[in-house]
Amino acid sequence: IQTEVINELAKLCGEEIEKSVTQITHQAMEGKIDFDESLKQRVSLLKGFPTEKLDDVCNKLLLTPGTEDFIKTVKKLGFKLAVISGGFTIFTDFLKSKLNLDYAFANELEIKDNKLTGKLSGPIINSERKAMLLEMITQQESISLEQVVAIGDGANDLPMLKKAGLGIAFHAKEVVKDEADQRLSYGPMTSILYFLG
């Protein structure tokens with residue numbers, strides 16, 4: 001998607017919270033601060049957010065150009081698709097259903113009395129966990145890591161990109177472009193099909 005969901009949630013909480021969350025998000029994506037700590041800080045700022053507004057955010061998610069064509073094409077070729085996100089299950093589950101993905105993993109926001117508590121429940125989907133989930137999927141699908149294509153844009157995607165047979169930094173932050181073996185900084189998502197022949 002084209003948006004950092006946590007920034008969109010923060011926008012609905014007012015200018016001051018939006019500014020704080022956006023700043024922390026930027027630092028985390030650049031790999032300048034610890035992802036787990038940054039996520040906890042940002043989620044705590046969302047305390048009291050009403051859950052009925054979450055659907056509005058889901059419906060406003062902007063897909064990266066070419067996403068739907070890319071997914072249809074690789075599905076026809078027999079690929080299984082997963083989203084492994086440092087975002088939130090509410091949004092990844094929505095995308096899984098909308099785009100017919102096979103797997104979706106993300107962080108779970110704690111909800112009480114129809115409001116966000118400012119906490120997470122369950123383990124944080126950080127860079128190490130993303131790589132671990134990638135391995136878990138390969139075991140479930142009985143394939144090797146060499147058969148995996150991973151696509152990412154943030155510093156917390158690097159271990160996953162390095163573990164995959166083909167790791168692609170797509171419209172990525174500088175730190176990711178510098179470390180990834182393959183990079184694509186322009187064009188729609190269908191451009192990735194060239195990497196797949």
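Residues numbered from 1 in each chain as written. Predicted model: local features only at pLDDT ≥ 70, side-chain atom pairs only at ≥ 80, totals over all residues. Heavy atoms only, no water.

Peer 1: Please explain the pairing of strand S1 (residues 82-88) as it appears in this structure.
Peer 2: As a general feature of sheets, a regular strand has side chains that alternate between the two faces. Along S1, five of the seven residues are buried, which leaves the element largely enclosed by surrounding structure. As judged from the four bridges shared by S1 and strand S2 (residues 103-112), these two strands associate in the parallel manner. Bridge assignment links Phe 88 to a residue of S2, and that residue is Asn 107. With helix H6 (residues 89-99) bridging S1 and the parallel S2, this β-α-β connection has right-handed handedness. (Buried < 20%, exposed > 50% of the residue type's maximum accessible area, 1.4 Å probe, protein only. Helix = DSSP H or I, 4+ residues; strand = E, 2+ residues; numbered from the N terminus. Pairing = 2+ DSSP bridges. Right-handed = clockwise from strand over helix to strand, strands pointing away.)

Peer 1: Is there a simple way to explain the sheet that holds strand S6 (residues 182-184) in this structure?
Peer 2: Sheet strands associate in pairs through backbone hydrogen bonding, adopting either a parallel or an antiparallel arrangement. Overall, parallel pairing links the three strands, which are arranged S4-S5-S6 in an open sheet. At either margin of the open sheet sits one strand with a lone partner, and together these are strand S4 (149-152) and S6. Pairs of neighbouring strands in the sheet enclose a mean axial angle of 25°, with direction left out of account. As judged from the four bridges shared by S4 and strand S5 (residues 166-170), these two strands associate in the parallel manner. In the sheet register, Gly 152 faces S5, and the bridge partner there is Ala 169. (Axes fitted to C-alpha atoms, helices over the stretch in contact; angles between N-to-C directions.)

Peer 1: What's the story with the side chain of Asn 107 in this structure? I'm lost.
Peer 2: With respect to the helices, strands and loops of the structure, Asn 107 is situated in strand S2. We classify Asn 107 as buried; its relative accessible area is 1%. Within the structure, Asn 107 has its side chain in polar contact with the backbone oxygen of Gly 86 (distance 2.8 Å). Once you skip the residues sitting within four places of it in the chain, Asn 107 turns out to touch Leu 39, Ser 85, Gly 86, Gly 87, Phe 88, Thr 89, Leu 120, Pro 123, Ile 124 and Ile 125. (Polar contact = N/O pair within 3.5 Å; in protein donor to acceptor, adjacent residues only side chain to side chain. Contact = heavy atoms within 4.5 Å.)

Peer 1: How should the sheet that holds strand S3 (residues 115-121) be read in this particular structure?
Peer 2: Ordered by their spatial adjacency, three strands build an open sheet running S1-S2-S3, and the pairing between neighbours is mixed. Of all strands in the sheet, those bounded by a partner on one side alone are S1 and S3. Averaged over all adjacent pairs, the angle separating strand axes in this sheet is 40°, with direction ignored. Of the strand pairs in this sheet, S2 and S3 are connected by four bridges, and their pairing is antiparallel. By the bridge assignment for S3, Leu 109 is matched with Leu 120. Along the sheet, H6 makes contact with S1 and S2, crossing S2 at roughly 140°.

Worth remembering: the numbers are spatial, not functional.
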